[in-house]
Amino acid sequence: MSQMATRIVRELHDEPHLEGRRLTVQFIKVQVEDRGLEPRTVADRHDLDVADVYRALTYYHDHPDEMRTVERERREAIAAHEELTTDPNAVQK
């Protein structure tokens, strides 16, 4: 397992992520709490220490206002660029 990610930072993204990695706190939260994956499974799939998964989850729950802002900004960015995406059902075969 990687010993690299030990802190939550904002170096690479506009949102909190594991230091030295491109894995966001939001991504890890979704994997564990929304998709129901075990923290160990998430750690193994992304070459993390399981402690880093728990650090991300702790950060998510310790900073609810910040995480709500991150989620809102993500929804707004998706909506602002929605016209640039193609509906798979509209593509002819």
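In case you missed it, the structure is sitting above this.
Anyway, here's the lowdown on the structure attached to this text. (Residues numbered from 1 in each chain as written. Predicted model: local features only at pLDDT ≥ 70, side-chain atom pairs only at ≥ 80, totals over all residues. Heavy atoms only, no water.)

Scanning the protein from N- to C-terminus turns up four helices and two strands. The helix and strand sequence of the protein, counted from the amino end, reads β-β-α-α-α-α. With the C-alpha coordinates of the protein rotated into their principal frame, the extents come out at 45 × 30 × 25 Å. Among the 93 residues that make up the protein, the fraction classed as buried is 33%. Sequence-distant contacts in the protein: of pairs separated by 6 or more residues, those separated by 24 or more amount to 47%. (Helix = DSSP H or I, 4+ residues; strand = E, 2+ residues; numbered from the N terminus. Buried < 20%, exposed > 50% of the residue type's maximum accessible area, 1.4 Å probe, protein only. Contact = heavy atoms within 4.5 Å.)

In a pair of packed helices, the angle between the axes and the distance between the axes together describe the arrangement. Two elements in contact, helix α1 (residues 25–34) and helix α3 (residues 50–62), have axes separated by 9 Å at closest approach and are oriented at 100°. As far as their axial angle goes, α3 and α1 are roughly perpendicular. Contacts between α1 and α3 involve Val25, Gln26, Ile28, Lys29, Val32 and Glu33 from the former and Val53, Ala56, Leu57, Tyr59, Tyr60 and His61 from the latter. Split into classes, the residues belonging to the contact of α1 with α3 amount to eight nonpolar, two polar and two charged. (Axes fitted to C-alpha atoms, helices over the stretch in contact; angles between N-to-C directions. Parallel < 35°, antiparallel > 145°, perpendicular 65-115°, else oblique. Nonpolar A, V, L, I, M, F, W, Y, C, P; charged D, E, K, R; others polar.)

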